[in-house]
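Listed below are the residues making up each chain.
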Amino acid sequence: MNPQFQYDIFVIGGGSGGLTVVDEAQKLGKRVGLADYIKPSPHGTQWGTGGTCPNVGCIPKKLMHMTALIGEIRHELTATGWQGVDPHSKHNWNTLVNEVQRQVKGINKGNDDWLVTTNGITYYNKLGKLKDDHTIELIDKDGQSEFVTAEYIVIAVGSRPSFPTDIPNVKQLTITSDDLFSLKNAPGKTLVVGASYVALECAGFLTGLGYDVTVMVRSILLRGFDQEIAERIGEFMKISGTKFIRGTIPSSIEDVDGKRLVKWVLNGQEQTDVFDTVLLAIGRSADTQNLGLEQVGVETNKESGKIIANDADSTSVSNIFAIGDCVQGRLELTPTAIMCGKRLIKRLYQNGNQIMEYSDVSTTVFTPLEYGCVGYSEEAATKKFGKENLKIFTSEFTPLFWNFANRKGTCYSKLIVKKEDDVVIGFHYLGPDAAEVTQGFGVVIKLKAKKSDLDNVVGIHPSVAEELVQMQTWK
Ligand code: FAD
Ligand code: NA7
């Protein structure tokens, strides 16, 4: 412990990454400080402790997605003889929002109690700003400042939704995922702008809850993901009732009697429609403005505002580290921020030498038909290894329980295998319970399993996952 400083380690930002650093450091008896402050959305939406994931990200998103899936099961319930279930009954938005917020507040309370009662942690509900390489200014909601010092500083301020710069009053006329999960009034007829996973997930569950939903896609669906699967997700969403307008962006959004008049140009022609809600999901920007980074010499990418850190999470200032969504080139996921924080503390205090690996991370897109993947997409594998050096196994299948109510659409899986050594370098599964199925295969891919290893596995019957250990059709 260096008595020169008030804290051994001070963390700015109490989300998935920041709280992990706090937790791991306090367990080692370090003097830990944390500043976490939520700047309200343009609509004034605010939330509690825990960062994006439990408040306006993974958790409320998954709860709403599951609610939409539960609605879908009404058809199977009816078909299998459950009495008193109306498959066409309407959904109540307020009941769902209240329930989601009840669960979110439960998580906030757990965090609050832990932060306040744990020895060694000092929590400031204040905005942190770097003053010099060991000093942080803490600013409260009334603008009052105090200063603290620390030997190490970790920046984990995450990211916030981006807005287009060329549409007047866009922040007032649209909402983002920061507002959706606590929205007081049902969204009604909704335009979702954007085509990455936040956009498609929100469009999927809003359609499932019974709203008239259109997705406006600038170019492709799910940039960075396997494009064959991305298109299949789009097709399934269309079958489920989501509409798509492809190849354009809004040119203007106006308020007309409380509704949103949206204009866009498609094939040279201006088109318009009126929506109750416009949900923007066009990406996220690092929350690094006004952090004092430049004054202290912490390098950032001037365009994106993201912090530049090396593999060991060090910034250009040697005692200042950065982790999670605010760092350039990181996967923007909760478990990666958590593992990164754990490894950082191990390296700082326990002679650890493991750095965070961002390859072969399993992830799932929670669209109505869920999509789990690990490793290379077909496009990325082809680019890296050449088409002639790969074997692509695919399988199309229908889960047994879909037959009860004759669900439309099909599930799909794909394995990408290197011909040279038979190693599976890409796993893709489009079907029910994708996160549960994919997590196990994440281990398989990480251990560099061969296709012949999967062929040696006896499947579990009847299941959807058995499809993945008996794939024989080669594209
Ligand atoms: P955050 O969790 O964003 O935490 C940063 C914290 O710092 C916030 O509390 C912020 O208010 C605070 N802060 C910012 N500036 C300051 C400052 N100057 N002083 C003090 N405090 C400050 N990931 C998954 O793994 N699975 C999912 O299913 C998933 N779904 C998502 C759905 C949505 C809609 C969104 C938006 C994200 C989703 N994510 C998901 C991504 C995941 O939420 C993030 O990757 C993760 O929360 C990043 O953690 P972090 O610690 O970097 O930042
Ligand atoms: P992403 O993954 O950054 O994707 C942004 C999407 O928005 C993508 O489809 C873009 O299309 C589209 N986009 C970007 N700018 C515009 C404008 N101006 N107009 C219309 N559409 C646009 O964002 P997400 O919000 O889904 O997710 C961000 C992270 O948050 C994610 O990694 C999660 O961890 C949580 P493009 O393909 O570029 O044409």
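The model shown is predicted, which means the values in this text are computed figures rather than measured ones.

K.L.:
It is not clear to me how the overall build of the chain should be interpreted in this structure. Could you clarify?
P.N.:
Helix and strand content of the chain: 13 helices and 21 strands. Here the C-alpha atoms of the chain give a radius of gyration of 24 Å, agreeing with the 23 Å that 2.2 N^0.38 yields for 475 residues. Projected onto its principal axes, the C-alpha coordinates of the chain cover approximately 70 × 65 × 50 Å. Here the chain, with 475 residues, has 50% of them falling under the buried criterion. Expressed as a percentage of contacts within the chain between residues at least 6 apart in sequence, the contacts between residues at least 24 apart total 63%. With 50 positive and 56 negative side-chain charges, the chain shows a separation of 1 Å between the mean positions of the two kinds.

K.L.:
What's the story with the packing of aromatic side chains in this structure? I'm lost.
P.N.:
Any two aromatic rings considered together are summarised by their centre-to-centre distance and by the angle between their planes. In the structure shown here, the tally under the stated rule is twelve aromatic pairs. Centroid distance Y7 to Y124: 6.5 Å. Interplanar angle 85°. Geometry classified as edge-to-face. Here the residue Y7 occupies a position in strand β1 (residues 7–12), and Y124 occupies one in strand β3 (residues 121–124), the gap between them amounting to 117 residues. Exposure remark for Y7: the relative accessible area of 7% places this residue in the buried category. Aromatic side chains W93 and Y211 sit 6.1 Å apart centroid to centroid with 80° between the ring planes, which places their arrangement in the edge-to-face category. Taken together, the residues W93 in helix α4 (residues 93–117) and Y211 in the loop between α7 (197–208) and β9 (213–217) connect sequence positions 118 residues apart. Here the basic side chain of R232 rests over the ring of Y412, its NZ or CZ set 3.6 Å away from the ring centre. Against the face of F393 rests K451, its NZ or CZ located 4.4 Å from the ring centre.

K.L.:
Help me understand the sheet that holds strand β14 (residues 277–280), please; the structure alone is not making it clear to me.
P.N.:
Two modes of strand pairing occur in sheets, parallel and antiparallel, and in both the strands are linked by backbone hydrogen bonds. Pairing is parallel across the open sheet formed by four strands, whose spatial order is β10-β9-β8-β14. This sheet does not close on itself; its edge strands, each paired only once, are β10 (243–246) and β14. Here the average twist between neighbouring strands, direction ignored, is 20°. For strand β8 (residues 190–193) and β14, the ladder comprises four bridges, and the chain directions are parallel. Of the residues in β14, the one forming a bridge with L191 is V278. On the sheet, α7 packs against β8, β9, β10 and β14 and is oriented at approximately 165° with respect to β9.

K.L.:
I'm lost on the sheet that holds strand β13 (residues 269–275) in this one. Help?
P.N.:
Strand order in the open sheet formed by three strands is β11-β12-β13, and the pairing between neighbours is antiparallel. Of all the strands in the sheet, the pair left with one neighbour each is β11 (250–256) and β13. Shown here is a sheet whose adjacent strand axes are inclined to one another by a mean of 20°, direction ignored. Relative to β13, strand β12 (residues 259–266) runs antiparallel, the two sharing seven bridges. Following the sheet pairing, L261 is matched in β13 by V274.

K.L.:
I'm lost on the site of ligand 1 in this one. Help?
P.N.:
Of all residues adjacent to ligand 1, which total 37 residues, the nearest are D36, T52, K61, G128 and D325. The backbone of S16 places a nitrogen or oxygen atom 3.2 Å from an oxygen atom of ligand 1. Here a nitrogen atom of ligand 1 sits 2.8 Å away from a polar atom, N or O, in the main chain of G128. Here ligand 1 loses 95% of its free accessible area of 1000 Å² to cover by the protein chains. When contributions to the shell around ligand 1 are tallied by element, the ones reaching two or more residues are α1 (16–27), α2 (52–56), α3 (58–79), β4 (127–132), α7 and α10 (334–349). Element by element, the count of residues in the shell around ligand 1 is highest for α2, at three residues. Grouping the constituent residues of the shell around ligand 1 by class yields 16 nonpolar, 13 polar and eight charged.

K.L.:
Explanation requested: the domain arrangement of the chain in the structure shown.
P.N.:
Frequently, the measure chosen for interface size is the accessible area removed from exposure when the parts meet. In terms of domains, the chain is made up of domain 1 (7–161 + 285–349), domain 2 (170–282) and domain 3 (370–469). Averaged C-alpha coordinates put domain 1 and domain 3 at centres separated by 32 Å. Counting residues at the interface gives nine residues for domain 1 and seven residues for domain 3. Counting across the interface, domain 1 meets domain 3 through one salt bridge. Between E76 and R407 there is a salt bridge whose closest N-O contact spans 2.8 Å.

K.L.:
Is there a simple way to explain the UniProt feature "binding site: FAD" (unreviewed entry) in the chain in this structure?
P.N.:
Taking the numbering used here, the UniProt-annotated feature "binding site: FAD" (unreviewed entry) corresponds to K62, G128 and D325. The named residues occupy 264 residues along the chain; their greatest pairwise C-alpha distance, 30.2 Å, places them well apart from one another. With respect to the helices and strands, the residue G128 is situated in strand β4. Take G128: its relative accessible area is 9%, and that puts it in the buried class. If sequence neighbours within four positions are ignored, G128 has contacts with I12, A35, I136, E137, L138 and L291. Overall, the relative accessible area of 18% leaves D325 in the buried class. Every residue in contact with D325, bar those within four places of it in the chain, is listed here: G158, S159, K306, L331, E332 and L333. Here the side chain of D325 touches S159 through a polar contact of 3.5 Å, side chain to side chain.

K.L.:
Could you clarify how one ought to interpret the nonpolar core in this entry?
P.N.:
Nonpolar side chains in soluble globular proteins generally cluster together in the buried interior. Counting 61 residues, the largest nonpolar core has W93, L180, F205 and F427 as the members making the most contacts within it. With residues up to four places along the chain from it excluded, the contact list for F427 reads G372, C373, V374, K414, L415, V437, T438, F441, I445 and L468.

Cut-offs used in this document
Residues numbered from 1 in each chain as written. Chains lettered and ligands numbered in written order. Predicted model: local features only at pLDDT ≥ 70, side-chain atom pairs only at ≥ 80, totals over all residues. Heavy atoms only, no water. Helix = DSSP H or I, 4+ residues; strand = E, 2+ residues; numbered from the N terminus. Rg over C-alpha atoms; globule rule 2.2 N^0.38 Å. Buried < 20%, exposed > 50% of the residue type's maximum accessible area, 1.4 Å probe, protein only. Contact = heavy atoms within 4.5 Å. Lys, Arg positive; Asp, Glu negative; His and termini not counted. Charge placed at Lys NZ, Arg CZ, Asp CG, Glu CD. Phe/Tyr/Trp six-rings, centres within 6.5 Å; stacked < 30°, edge-to-face > 60°. Lys NZ or Arg CZ within 6 Å of the ring centre and 35° of its normal. Pairing = 2+ DSSP bridges. Axes fitted to C-alpha atoms, helices over the stretch in contact; angles between N-to-C directions. Near = heavy atom within 4 Å. Polar contact = N/O pair within 3.5 Å; in protein donor to acceptor, adjacent residues only side chain to side chain. Areas by Shrake-Rupley, 256 points an atom, 1.4 Å probe, with all protein chains shown as cover. Nonpolar A, V, L, I, M, F, W, Y, C, P; charged D, E, K, R; others polar. Domains from an automatic or database assignment. Salt bridge = Lys/Arg side-chain N within 4 Å of Asp/Glu carboxyl O. UniProt positions renumbered as here; feature names shortened; annotations may be inferred. Core = buried A, V, L, I, M, F, W, Y, C linked by side-chain atoms within 4.5 Å.

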